[in-house]
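Descriptive analysis of the structure
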Amino acid sequence: MREALACMRMMRTLERPSQLFVRGQGSWLWDVEGDAYLDFTQGLMANSLGHCPSVLVGALRRQVDNLINPGAGYYNLGMLKLATRLCQVTDSDQAYFLSSGAEARGAAIRLASKWGQLHRGGAGRIVMVCDGSRGNVQDAPAARYWATAVDKPGTAELVGVPCNDLQALASALDERTVAVMLEPLQGETEVATREYLQAVSRLCNERGLLLILDEVQSGIGRYGALLAGELYDVRADIVTLGTGLGGGMPLAALLARGSACCFEPGDLVGSCHGNALASAAGLAVLDTVLEAGFLEHVRAAGEHLREGLVQLAGRYGHGPLRGRGLLTNLPLAGLPAAAVVEAALKERLLIGAPQAHCLRFSPALTVSHGNIDEMLKRLTRALCRVSGRN
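Residues numbered from 1 in each chain as written. Predicted model: local features only at pLDDT ≥ 70, side-chain atom pairs only at ≥ 80, totals over all residues. Heavy atoms only, no water.

1. Let's talk about the sheet that holds strand β6 (residues 157-162)
The sheet built from seven strands is open, its strands ordered β4-β12-β11-β10-β7-β5-β6 with mixed pairing. Taken across any chain shown, the strands that pair with only one partner, and hence form the sheet edges, are β4 (94-98) and β6. Recorded for the sheet is a direction-independent mean angle of 20 degrees between the axes of neighbouring strands. Of the strand pairs in this sheet, strand β10 (residues 210-215) and strand β11 (residues 238-241) are connected by four bridges, and their pairing is parallel. Residue pairing in the sheet places Glu 215 in a bridge with Leu 241 of β11. (Pairing = 2+ DSSP bridges. Helix = DSSP H or I, 4+ residues; strand = E, 2+ residues; numbered from the N terminus. Axes fitted to C-alpha atoms, helices over the stretch in contact; angles between N-to-C directions.)

Okay, here's the thing in structure tokens:
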């Protein structure tokens, strides 16, 4: 019945399995039949603290009784508190809140373009570090999101270069360039090295360009630090944060410092941007992630996950692993990722497949070692289902 209703009434923008989820807690989801599923996707990492964490539920309940959304044209207390706290802990000067990571990426492009108009004689070329795109920005999935998120086409020229190739990046920079934009984990395929990212930062400083660090995936503790830039010892001029900031609520952020803080009234607006309810969620998530011992737990859980996946991958000839902290991708040798995801679902395990032959594991930052061990058992059974091996 529900599948027929979904086919009739829901626009088919995604292929969804038949499960109908009605309740969640921590790393677990329950469907309408009462079956429990171990969730290692967590809403594409939006549910940073897991499903229905008490700290988030309490903050939302308190806020919903007072104010939800006074409108983007007015201040609310939660917005100001979150902006102040976020700027303090990230060494930023200003913040702007949006509803999705794609919006934050698009806003970063627009901000860099505005800076170019003011400080680079109207230049608006942004060089994007892409995942193996051989210099073609349109070949990079993340770059396509960035480009389509800009609601004023033509305000920026987007040019792509491959990750970890400093010579290619340097060659792409010219007098029209205003910024370099990159994310630490490139489209599930490649991780920027520490040496490369630091060299990019130096190059931007030498050329007088902005460095935009896309932390939509890696920010808010996902790598075991509040921002991945801390692990690389790199300070960006502009930072994007995704919905992990809202713990599942539609909340993302754009951070800037120095002369990059150049937006003016009318440059960016959204009817739900910085609303009081989402801001309350952001404060609850941020305070939790910054609690003593929280990030240490993320690092320990990430290492436990990695160790288990390395052993499993070695047994079945997959890998090598990519990622860091609690965002790990496992390339598959000779197996379609979609088939493994489907087999895992039969084992009541939720995992992702960002590419045709790659699995993604992005559990809640609060995931336990026991949850990880249980995931590995279910994943092993799923791989056996697909490969026919024991």
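2. Quick notes on the sheet that holds strand β15 (residues 349-350)
Taken together, the four strands give an open sheet; going across it, the order is β1-β2-β3-β15, and neighbouring strands pair in mixed fashion. The strands lining the two open edges of the sheet, one partner per strand, are β1 (21-25) and β15. In this fold helix α12 (residues 369-387) packs onto β2 (28-31), β3 (36-39) and β15, with an angle of close to 105 degrees to the strand it touches most, β3. (Contact = heavy atoms within 4.5 Å.)

3. A few points about the nonpolar core
Counting residues in hydrophobic clusters, the biggest one holds 79 residues, and the most contacted among them are Met 375 and Leu 379. Of the residues forming this core, the biggest block, nine residues, is contributed by helix α10 (residues 294-316). Setting aside its immediate chain neighbours within four residues, Leu 379 contacts Leu 309, Leu 312, Val 340, Leu 349, Ile 351, Leu 359 and Phe 361. (Core = buried A, V, L, I, M, F, W, Y, C linked by side-chain atoms within 4.5 Å. Buried < 20%, exposed > 50% of the residue type's maximum accessible area, 1.4 Å probe, protein only.)

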